[in-house]
Amino acid sequence: MKKIKLLTFYTDSHKELYEKYFLSSYKQYLKDDFELLVCHYKQITKDVSYGTLGFNQTMIGKVEHIINNVDISDNNPLVFTDCDIQFFKNIKEDIIEDIGDYDIKFQDDIVCVCAGLFVCNQNEKILNFFKDVLNTLLNTVKNGMDDQKIINYFLNSNKHPIKHSRLPKNKYFTVAASTGPKQWNGENFNIPNEVIIHHGNWTVGLENKFKLLEYVKNNR
């Protein structure tokens, strides 16, 4: 049976993060059922923290990576995750069940959907959706827009006729699901027993990302 495509994306600033958490847990749990398709993108600026122009410009490469790997002849779903992700089991059965007949489901980021973790069925609607995201990003990146803002705008305005929803936040976990939509700064929090993927967002700076990922890894 054909493997399910798993896409991720990183720059040199996030290489250690990618290798220590994403890649190591992929090798432990997913390598037999998932085809890893990695985009190692050029470092545009030294600071690619969320919200900076460097970050927003880097997202152009991320969306291009998604578009280049959507194959409408492939009946398997496609998974995209940022590189600050760790897996805790083989997620194959979960993602097939959770996506169902939806076109796309995103991680529940509490205040919006998260562009850094989603599962989609590979069809023309999804391909056209991300092409429109890319075109809009190219025209607005210097105005402070990123892929996540554009995606949420499209979904909220029903600009594209795609069937979409959010993934269960107890399984596809972010710290904000426990603490609320605020930056994590080292405080303890509860981790759901059902967690299968943890995304180390809702914190600022690489040092905090390492601490957050390590906390979940050691306390789940």
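Provided above is the structure to which this section pertains.
Here is a short report on the structure shown in this document. (Residues numbered from 1 in each chain as written. Predicted model: local features only at pLDDT ≥ 70, side-chain atom pairs only at ≥ 80, totals over all residues. Heavy atoms only, no water.)

## Some thoughts on the packing of helix H4 (residues 124-140) against helix H5 (residues 147-156)
Logical step 1: Taken N-terminus to C-terminus, the directions of H4 and H5 make an angle of 125°; their axes are 10 Å apart at the nearest point. Between H4 and H5, the crossing angle belongs to the class labelled oblique. Judged by the sense of rotation from one axis to the other, the crossing of H4 with H5 is right-handed. Only Asp-147, Ile-150, Ile-151, Phe-154 and Leu-155 of H5 make contact with H4, whose side of the interface consists of Phe-129, Phe-130, Asp-132, Val-133, Thr-136, Leu-137 and Thr-140.
Logical step 2: Class assignment for the residues of the contact of H4 with H5 results in eight nonpolar, two polar and two charged. (Axes fitted to C-alpha atoms, helices over the stretch in contact; angles between N-to-C directions. Helix = DSSP H or I, 4+ residues; strand = E, 2+ residues; numbered from the N terminus. Parallel < 35°, antiparallel > 145°, perpendicular 65-115°, else oblique. Left-handed = near helix turned anticlockwise from the far one by under 90°. Contact = heavy atoms within 4.5 Å. Nonpolar A, V, L, I, M, F, W, Y, C, P; charged D, E, K, R; others polar.)

## Overview of unusual backbone geometry
Logical step 1: Of note, Ile-110 is a non-glycine position whose phi angle comes to about 70°, a positive value.
Logical step 2: By the secondary structure assignment, Ile-110 is in the loop between strand E5 (104-108) and strand E6 (113-121).
Logical step 3: Of note in the backbone geometry, Asn-158 takes a positive phi value of approximately 55° without being a glycine.
Logical step 4: Within the secondary structure layout, Asn-158 lies in the loop between H5 and strand E7 (164-166).
Logical step 5: On the basis of relative accessibility, which here comes to 61%, the residue Asn-158 falls in the exposed class. (Buried < 20%, exposed > 50% of the residue type's maximum accessible area, 1.4 Å probe, protein only.)

## What to know about the nonpolar core
Logical step 1: Core analysis: the largest hydrophobic core is formed by 32 residues, its most contacted members being Ile-104, Phe-118, Phe-129, Phe-130 and Ile-151.
Logical step 2: Listed by contribution, the elements that provide at least two residues to this core are strand E1 (4-10), strand E2 (34-40), helix H2 (53-69), strand E3 (77-81), E5, E6, H4 and H5.
Logical step 3: At seven residues, the largest contribution of residues to this core is made by H4.
Logical step 4: If sequence neighbours within four positions are ignored, Phe-129 has contacts with Ile-151, Phe-154, Leu-155, His-160 and Ile-162.
Logical step 5: Listed in part, the 22 residues of the second largest apolar core include Leu-6, Leu-23, Ile-95 and Val-119. (Core = buried A, V, L, I, M, F, W, Y, C linked by side-chain atoms within 4.5 Å.)

## Focus: the packing of helix H1 (residues 15-29) against helix H7 (residues 206-219)
Logical step 1: Two numbers describe how H1 lies on H7: the axes approach to 11 Å, and their chain directions differ by 5°. What the angle tells us is that H1 and H7 run roughly parallel. Residues Glu-16, Leu-17, Lys-20 and Tyr-21 of H1 form the contact with H7, whose own contacting residues are Leu-206, Lys-209, Phe-210, Leu-213, Glu-214 and Lys-217.
Logical step 2: For the contact of H1 with H7, a count of residues per class yields five nonpolar, no polar and five charged.

## Looking at the packing of aromatic side chains
Logical step 1: Under the defined criterion, the tally for this structure stands at 13 aromatic pairs.
Logical step 2: Relative to Tyr-18, the ring of Tyr-10 lies with its centre 4.4 Å away and its plane at 15°, an arrangement referred to as stacked. For the pair formed by Tyr-10 and Tyr-18, the shared burial category is buried.
Logical step 3: Relative to Phe-87, the ring of Phe-22 lies with its centre 5.3 Å away and its plane at 70°, an arrangement referred to as edge-to-face. In this pair, Phe-22 is assigned in helix H1 and Phe-87 in strand E4 (residues 85-87), connecting sequence segments 65 residues apart. Phe-87 shares its class with Phe-22; the two are buried.
Logical step 4: Linked through ring pairs, Phe-80, Phe-106, Phe-118, Phe-129, Phe-130, Tyr-153 and Phe-154 together constitute an aromatic cluster.
Logical step 5: Directly above the ring of Tyr-102 sits Lys-105, whose terminal nitrogen or CZ lies 4.5 Å from the centroid.
Logical step 6: Geometry around Phe-154 places Lys-159 over its ring, the cationic atom sitting 4.9 Å from the centre. (Phe/Tyr/Trp six-rings, centres within 6.5 Å; stacked < 30°, edge-to-face > 60°. Lys NZ or Arg CZ within 6 Å of the ring centre and 35° of its normal.)

## Here we look at the pairing of E3
Logical step 1: Across the five residues that make up E3, a large majority, five, are buried.
Logical step 2: Side chains Pro-77, Val-79 and Thr-81 project from E3 onto one buried face, and the interleaved Leu-78 and Phe-80 project onto a second face that is buried too.
Logical step 3: Note: E3 against E6, five bridges, orientation antiparallel. Bridging from a neighbouring strand, Leu-78 pairs with Cys-120 of E6. (Pairing = 2+ DSSP bridges.)

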